[in-house]
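Now for the letters of each chain:
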Amino acid sequence: MKNIYRSLSLVAIMLVMLSRCAFSDKYKNAETNIRLNQVGFYTKGQKIAVITAPKDKAFSLKTLSGETVYTGSVLKSKFWDQAGEHVSIIDFSAFSESGDYYLQSGSAQSEPFRLSEVPYNDLLKAAAKTYYFNRATTELHEKYAGIYKRPFSHPDTAVMIHASAAGDFLPAGESIATPFGWYDAGDFNKYVVNSGISTYTLLAAYEHYQNLFDTLQWNIPESNNQRADLMDEILWNIRWMETMQDTLDGGVYHKTTTANFESFMEASKANGQRFVVNKGTAASLNFAAVMAKTSAMLQAEDPLYAQKLLYRAKAAYNWALTHPNAEFKNPVSNSPKYPSIHTGEYGDNHFQDEFFWAGVELYLATMDNQYLSKQAMSEFNQFNVPNWSTVETLGLISLASSELNNHLKKKASDELMILAELLISEWRQSPYRVTINKFVWGSNAEVMNQSMVLLNAYRVLGNVEYFEAAVSGLDYVLGRNATGYCFVTGFGYLSPKNIHHRQSASDDIEAPIPGFLVGGPNPRNIHQDCGRDEYAIHLPAKCYLDETCSYSTNEVAINWNAPLVYVTAGVESIYQQRFSN
Ligand code: G3I
Ligand code: 9MR
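Small disclaimer: the values here were computed from a predicted structure and weren't measured.

Visitor: How should I be thinking about the domain arrangement of the protein chain in this particular structure?
Guide: A common way to express how large an interface is: the accessible area buried when the components associate. What the domain assignment reports for the protein chain is domain 1 (32-116) and domain 2 (121-482 + 558-578). Spacing between the C-alpha centres of domain 1 and domain 2 amounts to 36 Å. Summed over both partners, the interface of domain 1 with domain 2 comes to about 2000 Å²; 58% of that surface belongs to carbon and sulfur atoms. A per-residue breakdown of the area domain 1 buries against domain 2 is headed by Y42, Q46 and W80, which together make up 36% of the total. Put simply, domain 1 and domain 2 have 0 salt bridges between them. Between domain 1 and domain 2 we count 9 residue pairs in polar contact (both at pLDDT 80 or more) in total.

Visitor: Looking at this structure, I do not really get the packing of helix α4 (residues 192-208) against helix α7 (residues 281-298). What am I missing?
Guide: Packed helices, taken two at a time, are described by the angle their axes make and the gap between the axes. With their axes 8 Å apart at the nearest point, α4 and α7 run at an angle of 20 degrees to one another. Put simply, α4 runs roughly parallel to α7. In terms of crossing hand, the pair formed by α4 and α7 is left-handed. Across the interface between the two elements, V192, V193, G196, I197, T199, Y200, L203, Y206 and E207 from α4 touch A282, A283, N286, F287, V290, K293, T294 and M297 from α7. Taken together, the residues that form the contact of α4 with α7 break down as 11 nonpolar, 4 polar and 2 charged.

Visitor: Could you clarify how one ought to interpret the packing of helix α9 (residues 352-366) against helix α10 (residues 392-400) in this entry?
Guide: Where α9 meets α10, the closest approach of the two axes is 7 Å, and the angle between their N-to-C directions is 25 degrees. In terms of orientation, α9 and α10 fall into the roughly parallel class. The two elements α9 and α10 cross, and the hand of that crossing is left-handed. Together, D353, F356, W357, V360, E361 and L364 of α9 and E392, L394, G395, L396, S398 and L399 of α10 make up the contact between the two elements. Partitioning the contact of α9 with α10 into residue classes produces 7 nonpolar, 2 polar and 3 charged.

Visitor: Any chance you could explain the site of ligand 1 here in plain terms?
Guide: In the vicinity of ligand 1, 13 residues are found, and the nearest of them are D184, D187, W388, R524 and E555. The separation between an oxygen atom of ligand 1 and a polar side-chain atom of W388 is 3.0 Å. Between ligand 1 and the protein, one listed contact pairs an oxygen atom with a side-chain N or O atom of W441 at 3.1 Å. The protein chains hide 63% of the 780 Å² of surface that ligand 1 would expose on its own. Partitioning the shell around ligand 1 into residue classes produces 6 nonpolar, 2 polar and 5 charged.

Visitor: What is the right way to read the site of ligand 2 from this model?
Guide: Close contacts around ligand 2 come from D187, F261, F264, W441, H500, R502, Y551 and E555, and that covers them all. Within the side chain of R502, one N or O atom sits 2.8 Å away from an oxygen atom of ligand 2. At 2.6 Å from an oxygen atom of ligand 2 is found a side-chain nitrogen or oxygen belonging to E555. Across the shell around ligand 2, the residue classes break down as 4 nonpolar, 1 polar and 3 charged.

Visitor: It is not clear to me how a nonpolar patch on the surface should be interpreted in this structure. Could you clarify?
Guide: A cluster of nonpolar side chains, namely M417, V460 and L461, defines an oily patch on the protein surface of about 200 Å² accessible area. You can see L461 is positioned in helix α12 (residues 443-461).

Visitor: Hey, could you run me through the packing of aromatic side chains in this one?
Guide: For any pair of aromatic rings, geometry is given as the distance between the ring centres together with the angle between the planes. Overall, the coordinates contain 34 aromatic pairs when judged by the stated rule. Between Y317 and Y371, the aromatic rings sit 5.3 Å apart at their centres with planes inclined by 75 degrees, giving edge-to-face as the arrangement. Of this pair, Y317 sits in helix α8 (residues 303-322) while Y371 sits in the loop between α9 and α10, and the two are 54 residues apart along the sequence. Each member of the pair, Y317 as well as Y371, is classed as buried. For the pair F487 and Y544, a centre-to-centre distance of 5.2 Å together with 80 degrees between the ring planes defines the contact as edge-to-face. Within this pair, whereas F487 is found in the loop between α13 (464-477) and α14 (502-506), its partner Y544 is found in the loop between α14 and α15 (551-554), the two being separated by 57 residues in sequence. A relative accessible area of 10% places Y544 in the buried class. Members of the aromatic cluster, joined through ring pairs, are Y42, Y458, F467, Y575 and F579. Directly above the aromatic system of W236 lies the positively charged group of R135, at a separation of 4.5 Å from the ring centroid. Over the face of the ring belonging to F180 we find R239, whose NZ or CZ atom lies 3.9 Å from the ring centre.

Calculation notes
Residues numbered from 1 in each chain as written. Chains lettered and ligands numbered in written order. Predicted model: local features only at pLDDT ≥ 70, side-chain atom pairs only at ≥ 80, totals over all residues. Heavy atoms only, no water. Domains from an automatic or database assignment. Buried area = accessible area lost by both parts, 1.4 Å probe. Salt bridge = Lys/Arg side-chain N within 4 Å of Asp/Glu carboxyl O. Polar contact = N/O pair within 3.5 Å; in protein donor to acceptor, adjacent residues only side chain to side chain. Axes fitted to C-alpha atoms, helices over the stretch in contact; angles between N-to-C directions. Helix = DSSP H or I, 4+ residues; strand = E, 2+ residues; numbered from the N terminus. Parallel < 35°, antiparallel > 145°, perpendicular 65-115°, else oblique. Left-handed = near helix turned anticlockwise from the far one by under 90°. Contact = heavy atoms within 4.5 Å. Nonpolar A, V, L, I, M, F, W, Y, C, P; charged D, E, K, R; others polar. Near = heavy atom within 4 Å. Areas by Shrake-Rupley, 256 points an atom, 1.4 Å probe, with all protein chains shown as cover. Patch = residues over 30% accessible without salt bridge, like charges linked within 9 Å, V, L, I, M, F, W, Y side chains within 5 Å. Phe/Tyr/Trp six-rings, centres within 6.5 Å; stacked < 30°, edge-to-face > 60°. Buried < 20%, exposed > 50% of the residue type's maximum accessible area, 1.4 Å probe, protein only. Lys NZ or Arg CZ within 6 Å of the ring centre and 35° of its normal.

Written out as structure tokens, the structure is:
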């Protein structure tokens, strides 16, 4: 009898070994890796990792001394065509004790990570402080900037009116002052359109998670005043945006820019002539939306300033009504004095979304129905995840989170739900359990904007799945992605070192300024920058290169960090609220 058992168990062992062989043969070139949020997890929150080319059915969670504290099964593996790999989900959400751990499945081990009660405050502060590091028209003093101190740069007091922007009262060649604001990205220019969504997103972060921001400081020159650091930072950019309006007619110049991108050098040495160029419908409406929203938010604290901003918002909106199709294109010219402009275009020729968004913000600031008449919500077939050129959903977010108690708010919530449901269905079937499935320039910010939409849907509708999908977005940019990078500089065990950022590349300091989210995987533009062959893998979800030349995957930008700030603050605050009782 014993012998029979022994033979049976031998057969069983052989079968298992055979099946393992078949399994590993199939994946013989694939590496088994465990990828997860490298910054860590909230103790009581969702905790998901992925394992690539899984070889074992079980996983265990261990303390750093090797003691197993939790075990579970990896889920059935799925193939992700965007990454060309099989992955399985490891879900250890049920374990909820603070501490440092690692995951193990077969011979695969993750790097150590932390479960904590306040996992994301340092990340949030660093992400928000990048705006200070990108300030124009100031010195960054060591007291605030530490090793990243730098001399005064870009006074922007003699910015020339380009021929494309000539008006009757301010002719070409005249100078105006457009100081302050943030450098857009790795370059030193300042673009109104991109400032629009960036500033709004930070304003919304403050409005929605004020309790959290009121407790946080990140050592900027204004940290000792009465205002929250985030609002002070926003106002630095508002001051610049104000200067971009021609107060004679209300129209807004598209950008403060040099003719060509400056080469890689320190900010203080980049002294190329700066211009303001044509006014445009998109710039004017972005400006109107942001000024109206800022006005509403400052009404109680500083009514006079709020009134001035509202006046500016109305003037810009009225300019857009009389110039409803002024599409911006980089000016082309033969004149040496007013050269062709080759910097970021941020061109857009659809303005329904900008009209809707600006109209909503003006309506919420004034309660005047006229602002809803130009572009009705019902005329949109579909609402989209926001980005710099597609902004109607910013209006939805404002309506859905407003104090209104009418059909508009209800309709905005319904539309948010439709968009959230689309994202959720992608999330449910995604092998990495993330919402992204298409990779364009700034793909990481696309994920963050998806998470921002989901957090807003959660805020108004309360569906916990929306929140969990939003958390997955944060997990994705912090490491649960097909590259294994934590895409925020200075965080995680593998993060970008060579960002396309003129200041970081010229400061002789090895580590980049921390807290920046890089653009992320993007297979579409790689031939333009470092050259296709430099990219080891062209699969969309893996097409990323940590080299300074890679502006199509490794640049940083104000409109990419803003949703990172929003989502980090949202996840941190909502976790604290959900589990405080
Ligand atoms: O929108 C289309 C989409 O419909 C289409 O399916 C897809 C297919 O390729 O392309 C999409 O357009 C891409 C767009 O980004 C997506 O937002 C364009 O190909 C791509 O060229 C475009 O890139 C923009 C890039 O400037 C080049 O103009 C980025 O959005 C924009 O964020 C980036 O912004 C630059 C500024 O110009 C200068 N400062 C730095 C900043 C960040 O890199
Ligand atoms: O540095 C520029 C970056 O901010 C832009 O996103 C990018 C695309 O417009 O262009 C970068 O500048 C490059 C220019 O387009 C071509 N010559 C090399 C520049 C970077 O070194």
